[in-house]
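# Commentary on secondary and tertiary structure
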Amino acid sequence: MDKSRIKDAFQKTRQEGRAALIPYVTAGYPTLGMLAPLVRALEAGGADLIEIGIPFSDPLADGPILQEAATRALAGGVRVQQILDVVSGIETSVPLLFLTYVNLVYRRGIEQFIRDSHEAGISGLIIPDWPWVESAQHQAWAHDHDVALIPFAAPTSTDPHLDAIAHGHGFVYTVSVTGVTGARTTVDKGLAPLVTRIKEHVSLPVAVGFGISTPEQARETGRIADGVIVGSALVKALMEDPDHAPAVAERFVKGLRDAL
Amino acid sequence: MGKMKLMPDAHGRFGPFGGQYVPETLMPALDELSAAYHQAKTDKSFHEEWMALLKDYVGRPTPLRQAFRMSEKLGFPVYLKREDLNHTGAHKINNTMGQILLARRMGKTRIIAETGAGQHGVATATAAALFGLKAEIYMGAEDVERQALNVYRMRLLGAEVHSVHSGTSTLKDATNEAIRDWVTNVRDTFYVIGSVVGPHPYPMMVRDFQSIIGIEARRQFRQLTSGFPTHIVAPVGGGSNSMGIFYPFRQDPVALIGVEAAGEGIETGRHAATITMAERGILHGSLSYLLQDADGQIQPAHSISAGLDYPGVGPEHAYFHHTGRAQYVSITDQEALDAFHRLAEWEGIIPALESAHAIAWVIKEQKVLESANARVLVNLSGRGDKDVDAVLGYEEGNHGQEPH
Ligand SMILES: Cc1ncc(COP(=O)(O)O)c(C=O)c1O
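Here the structure is a predicted model, which is why all the values come from computation and not from measurement.

### What to know about the packing of helix α10 (residues 215-224) of chain A against helix α12 (residues 245-259) of chain A
Residues and elements named next belong to chain A.
- Where α10 meets α12, the closest approach of the two axes is 8 Å, and the angle between their N-to-C directions is 40°. With respect to their mutual orientation, α10 and α12 come out oblique. Classified by chirality, the crossing of α12 by α10 is right-handed. Contact residues: α10 offers Pro 215, Ala 218 and Arg 219, while α12 offers Gly 255, Leu 256 and Ala 259.
- Residues belonging to the contact of α10 with α12 are distributed by class as follows: four nonpolar, one polar and one charged.

### Topic: the packing of aromatic side chains
All names here are of chain A.
- The full count for this structure, using the stated rule, is 13 aromatic pairs over all chains.
- A centroid spacing of 5.5 Å and a plane angle of 50° characterise the contact between Phe 10 and Phe 171, whose relative ring orientation is tilted. Separated by 161 residues along the polypeptide, Phe 10 in helix α1 (residues 4-15) and Phe 171 in the loop between α8 (159-165) and β7 (172-175) bring together distant segments of the chain.
- What makes Phe 10 buried here is its relative accessible area of 3%.
- Note on Phe 56 and Tyr 101: the rings are 5.6 Å apart at their centroids and 25° apart in plane angle, and the pair reads as stacked. Of this pair, Phe 56 sits in the loop between β2 (50-53) and α3 (64-75) while Tyr 101 sits in the loop between β3 (96-99) and α5 (102-108); the two residues are 45 residues apart in sequence, bridging distant segments of the chain.
- Its relative accessible area of 3% is what places Phe 56 among the buried residues.
- The class of Tyr 101 is buried, set by a relative accessible area of 2%.

### A few points about the pairing of strand β1 (residues 20-26) of chain A
All names here are of chain A.
- Of all seven residues making up β1, seven are buried, and the element is well covered by its neighbours.
- Every second residue of β1 is oriented toward a common face, with Ala 20, Ile 22, Tyr 24 and Thr 26 on one face and Leu 21, Pro 23 and Val 25 on the other, all of them buried.
- Taken together, the three bridges between β1 and β2 define a ladder with parallel strand orientation. What sits directly across from Thr 26, in β2, is Gly 53.

### Quick word on the sheet that holds strand β11 (residues 280-283) of chain B
Residues and elements named next belong to chain B.
- With antiparallel pairing, the four strands of this open sheet are ordered in space as β1-β2-β12-β11. Sheet topology places β1 (13-14) and β11 at the edges, where each strand pairs with a single neighbour.
- Sheet topology note: the β1/strand β2 (residues 17-21) ladder contains two bridges and is antiparallel. Its bridge partner lying in β2, Phe 14 is registered against Phe 17.

### Focus: helix α14 (residues 333-347) of chain B
Residues and elements named next belong to chain B.
- Between its first and last C-alpha, α14 extends 21 Å over 15 residues, near the 21 Å set by a 1.5 Å rise per residue.
- Here α14 has its buried residues at Asp 333, Ala 336, Leu 337, Ala 339, Phe 340, Leu 343, Trp 346 and Glu 347.
- Immediately downstream of α14, the backbone of Gly 348 shows phi near 70°, a positive value.

### Points about the sheet that holds strand β9 (residues 231-235) of chain B
Residues and elements named next belong to chain B.
- In space, the six strands of this open sheet follow the order β3-β4-β14-β9-β10-β13, with mixed pairing throughout. The open sheet has two edge strands, β3 (64-66) and β13 (326-332), and neither has a second partner. On average, each strand axis in the sheet is tilted by 25° relative to the strand beside it, whichever way the strands run.
- When strand β10 (residues 255-263) meets β13, the two strands line up parallel, connected through seven bridges.

### Notes on the interface of chain B and chain A
- Contacts between chain B and chain A engage 36 residues on the former and 35 residues on the latter.
- With both chains or domains summed, chain B and chain A bury close to 2900 Å², and 51% of this area falls on carbon and sulfur atoms.
- When the buried surface of chain B facing chain A is broken down by residue, Glu24(B), Arg180(B) and Asp295(B) rank first, second and third, together holding 24% of it.
- Remark: the boundary between chain B and chain A carries four salt bridges.
- With its nearest N and O atoms 2.9 Å apart, the salt bridge here joins Asp58(A) to Lys172(B).
- One can count 22 residue pairs in polar contact (both at pLDDT 80 or more) joining chain B with chain A.
- Elements with a minimum of two residues in the side of chain B that touches chain A: β2, α1 (27-41), α8 (171-184) and β11 of chain B.
- For the side of chain B that touches chain A, the element with the highest residue contribution is α8(B), accounting for eight residues.

Parameters and conventions
- Residues numbered from 1 in each chain as written.
- Chains lettered and ligands numbered in written order.
- Predicted model: local features only at pLDDT ≥ 70, side-chain atom pairs only at ≥ 80, totals over all residues.
- Heavy atoms only, no water.
- Axes fitted to C-alpha atoms, helices over the stretch in contact; angles between N-to-C directions.
- Helix = DSSP H or I, 4+ residues; strand = E, 2+ residues; numbered from the N terminus.
- Parallel < 35°, antiparallel > 145°, perpendicular 65-115°, else oblique.
- Left-handed = near helix turned anticlockwise from the far one by under 90°.
- Contact = heavy atoms within 4.5 Å.
- Nonpolar A, V, L, I, M, F, W, Y, C, P; charged D, E, K, R; others polar.
- Phe/Tyr/Trp six-rings, centres within 6.5 Å; stacked < 30°, edge-to-face > 60°.
- Buried < 20%, exposed > 50% of the residue type's maximum accessible area, 1.4 Å probe, protein only.
- Pairing = 2+ DSSP bridges.
- Expected span 1.5 Å × (residues − 1).
- Buried area = accessible area lost by both parts, 1.4 Å probe.
- Salt bridge = Lys/Arg side-chain N within 4 Å of Asp/Glu carboxyl O.
- Polar contact = N/O pair within 3.5 Å; in protein donor to acceptor, adjacent residues only side chain to side chain.

Note that all results are geometric; they support no functional claim without further evidence.
So this is what it looks like as structure tokens:
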């Protein structure tokens, strides 16, 4: 239940000579009751870490699919406390991460949110609209409470930014292209030089997200990076057959995992 | 009163408010914008170019004049700063002219903006047309329906209007979509934000561009009366026209009154009175006050005036509220509609529904203001032509519901 679990997860995949697979699901989609079975299915399919999205009304880093999932989850009445309660009850050996937006963190109280997340068994927080300049002052406190505030890198990131996040924890969430989440058909040519550049500044594992949807893309990205994050493509698959979400998720993740 | 600290600080903070809450992808663009703005601000030629445009294209300075019949009816002098007389009919163009000049300086070839009622969209499309730039405007699908004329105006001006169907299909969602576009096309795109909101440096930059209102008004008022008004009253949506007139008076002995939209009444929950609720939160890049639920999910705003229909407010207003430098009050849809008629009858001026909120507060507080020997300056932020159709429809609709 502590931050070294993130480190351990990447160490294990490195020893196995492959990238870590990090799928994403939105809590409350298709239903909150499905969250625990989904997490177990993702683990069974071969996930190395799992991101759980806490839906926000205004998800400005998300493309249409994850917006839709958040909208539907909120329409279903899902609340932050319910998600914390459900997550607390999930038994898994895979490190869990929350992905959400800064207002939900701020509203609960930053320290309270971090404490509650830790108690629910969460190892890290991914908050796309909480950039390093605003979150840095909370890094040490979160680290002391066994929660990593995952730093971001983007194709536009400057060298001083990469030097700064070298002091971060967990891994570097690397945005593969300028843009929002959503399935894309190819791996951007700029990705390999970007990951190389990040690694010149930061010793943390580098995981890549935004746009990876097929086993081929996962394989290609996995050759470049330490971790492969898949969100929209998985949620899209769930949307096509929500009644059998856990089975769909397991099959989907297994397909990606076999490709790594 | 001691000299106020220069705000915002280097981190874009107005006390606890403001900041830069955007994805990492955009952070370098904000730094680039800050640097370009700082450079422009200290460049005499930028200022001269902007002032020449304001004079010969926008039609500034706008008049400031006493509203004599209104003054007589109320029993104390009321003055109007006539932002309704700007080209395109509102204060919004002061800001878009400044930002478009900056975009050109930065070599950005693509312009994007969000709009609610369409006023900022029209002002952005106008400025872009003037310089032959391509503008793309994000507008909530519901607003596209409600404000069909402004959609056509933007298209006439050569802009492309994107109808946004996510969330509540209104201004906040249009803003989300504009930010998504900016994250995607950040290298060649300039995002023209329409109010004193967003991540630093926008709240400061828009305030500075809109401060032309207060700079003129301060000079004009002193020429007219050789004193200060006792009260300055302005409507608050995101807060740009109000901050524009307040800011140059911030160290003067003047009460600053921001009027928010109480919609159908604060108690109904259907309103846009963000500062009245005073709950801190982070949306669209800055920490300020927000309409939100216990979890922090953003609540939809409501006002008859589309320009006030926003669940957030600029961080410097939150700071002015926090320090007590300005007071924030609210006016219902019905009170604003009544004032819309009063000003038309008294002064031959049809105000924008946003501006009618400020007029309504002055009428509502008549007794208090009269006994205080007030001299009230109202920022008439825009003209009401855009609202005439909607008001007519609203009143006919209401009339139809009346029992006979
Ligand atoms: C005439 C007019 N007044 C006021 C506003 C509210 O915006 P702000 O508070 O930024 O001045 C608008 C916005 O569209 C407007 O068109």
